Amino acid sequence: MPSNLPDVVLWSIPAFILLTVVEMVSYRLHPDDEAAGYQARDAATSIGMGLGSLFFDLLWKIPVVAIYTAVYELTPLRVPVLWWTVLLMLLAQDFCYYWSHRGHHVIRVLWACHVVHHSSRKFNLSTALRQPWTAFSSWPFYLPLIACGVHPAALAFCSSVNLVYQFWIHTERIGRLPRPVEYVLNTPSHHRVHHASQGGYLDRNFGGILILWDRLFGSFAAETERPVYGLTKNIATYNPLRVATHEYAAIARDVRSAADWRERAGRMFRGPGWQPRGASPVAAATAAGPATADATGPAGTTGAPAVAERLA
């Protein structure tokens, strides 16, 4: 195991706390009536979700590390941990993160994990802590890196850097940055779009560190109007357990009521909000999630009827 890679998340916790407190105080001293700001119960739920994710991540890491280790031992390839190879690994991890993130928006059983992060109607630094408790669904997207000889510990380091980077972009207190920065990197402006629930903003800006992937693969949208955060069908709860599991429960209900196995598969593996042919308009309008690229083309190219059903 590479021993020269620091625990980025652990070292960043004091900064997380300090910056969150600073942002809270800034809203007290300089209120913004148009910004979502903070709400005590919402922030408490986000922090609770973050603390819970630390515990559950330890559980999910046991089988994932076992799989990664087995694949790493089987592959003849090895990527040494040097300063320039770490940069390349960060780039490759960010590329895989883009596809993992995009997949978690367009496949409903994966969305059931990721929807947790979008469930707040606020957008502040505490929202960054609202992490899922079922993050085991991401591991297949990074398996190619292990097969190419990236050590599992090096992948964990790169993933931690990506996670820590994304903390600061969860804020409304930072406007547009200089144009070259906005063109290359994921910024608060780009990430506000990602968390918005308006039709033109849905399924956009999936990048972690780099926004270049979205520009390259057609999922980029610039911030033009003030975002409305949350889901198009918001959940009325601050209970962390319900926040963590509500979409899984909705999937179970839809699968139980499905007419046949084809519909059951669609309810799980097609887009959130997918409806079988011949479904009534009422059923479509009350779907648990959004319509996706399944029925409407690539992400972000939906028509008006589908947009009405979609989640952020």
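Here, every reference points to the structure presented above.
This structure is a prediction, so every number in the text was calculated from the model and none was measured.

Focus on the overall build of the chain
Thought 1: What the chain contains, in helices and strands, is 14 helices and 0 strands.
Thought 2: Across the 312 residues that make up the chain, the buried fraction comes to 48%.
Thought 3: If you take every contact in the chain between residues at least 6 apart in sequence, the share linking residues at least 24 apart comes to 71%.
Thought 4: As presented, the chain carries roughly 15400 Å² of accessible surface, and 68% of it is formed by carbon and sulfur atoms.

Remarks on the pattern of salt bridges
Thought 1: Summed over the entire model, instances satisfying the criterion amount to 6 salt bridges.
Thought 2: Salt-bridge contacts for Arg130 lead to Asp42; the nearest nitrogen and oxygen are separated by 3.1 Å. In this pair, Arg130 is assigned in the loop between helix H4 (108-114) and helix H5 (143-147) and Asp42 in helix H2 (residues 40-74), connecting sequence segments 88 residues apart. Asp42 matches Arg130 in its accessibility class, with the two residues each being buried.
Thought 3: In this structure, the salt-bridge partner of Glu247 is Arg108, at a minimum N-O distance of 2.8 Å. Of this pair, Glu247 sits in helix H10 (residues 240-257) while Arg108 sits in helix H4; the two residues are 139 residues apart in sequence, bridging distant segments of the chain.
Thought 4: Residue classification places Glu247 among the buried positions, given a relative accessible area of 2%.
Thought 5: In the salt-bridge network here, residues are joined through shared partners; they are Arg108, Glu247 and Asp254.

Here's the deal with the nonpolar core
Thought 1: Counting 22 residues, the largest nonpolar core has Tyr68, Met89, Tyr142, Leu145, Val150 and Leu155 as its most contacted members.
Thought 2: For this core, the secondary structure elements donating two or more residues are helix H1 (8-29), H2, helix H3 (83-106), H5 and helix H6 (152-165).
Thought 3: Among residues more than four places away in sequence, those in contact with Val150 are Tyr72, Val79, Met89, Leu145 and Leu155.
Thought 4: Counting 7 residues, the second-largest nonpolar core is a separate cluster that includes Tyr98, Tyr165, Phe206 and Leu210.

Topic: the packing of aromatic side chains
Thought 1: One pass over the structure, following the stated rule, counts 13 aromatic pairs.
Thought 2: Seen in terms of ring centroids, Phe55 and Phe56 are 5.2 Å apart; in terms of plane orientation they differ by 75°. Their pairing is edge-to-face.
Thought 3: Under the relative-accessibility criterion, Phe56 is labelled partly exposed at 25%.
Thought 4: By way of ring pairs, the aromatic residues Phe95, Tyr98, Trp99, Phe206, Trp213 and Phe217 are connected into one cluster.
Thought 5: Directly above the ring of Trp261 sits Arg264, whose terminal nitrogen or CZ lies 4.6 Å from the centroid.

What counts and what doesn't
- Residues numbered from 1 in each chain as written.
- Predicted model: local features only at pLDDT ≥ 70, side-chain atom pairs only at ≥ 80, totals over all residues.
- Heavy atoms only, no water.
- Helix = DSSP H or I, 4+ residues; strand = E, 2+ residues; numbered from the N terminus.
- Buried < 20%, exposed > 50% of the residue type's maximum accessible area, 1.4 Å probe, protein only.
- Contact = heavy atoms within 4.5 Å.
- Areas by Shrake-Rupley, 256 points an atom, 1.4 Å probe, with all protein chains shown as cover.
- Salt bridge = Lys/Arg side-chain N within 4 Å of Asp/Glu carboxyl O.
- Core = buried A, V, L, I, M, F, W, Y, C linked by side-chain atoms within 4.5 Å.
- Phe/Tyr/Trp six-rings, centres within 6.5 Å; stacked < 30°, edge-to-face > 60°.
- Lys NZ or Arg CZ within 6 Å of the ring centre and 35° of its normal.

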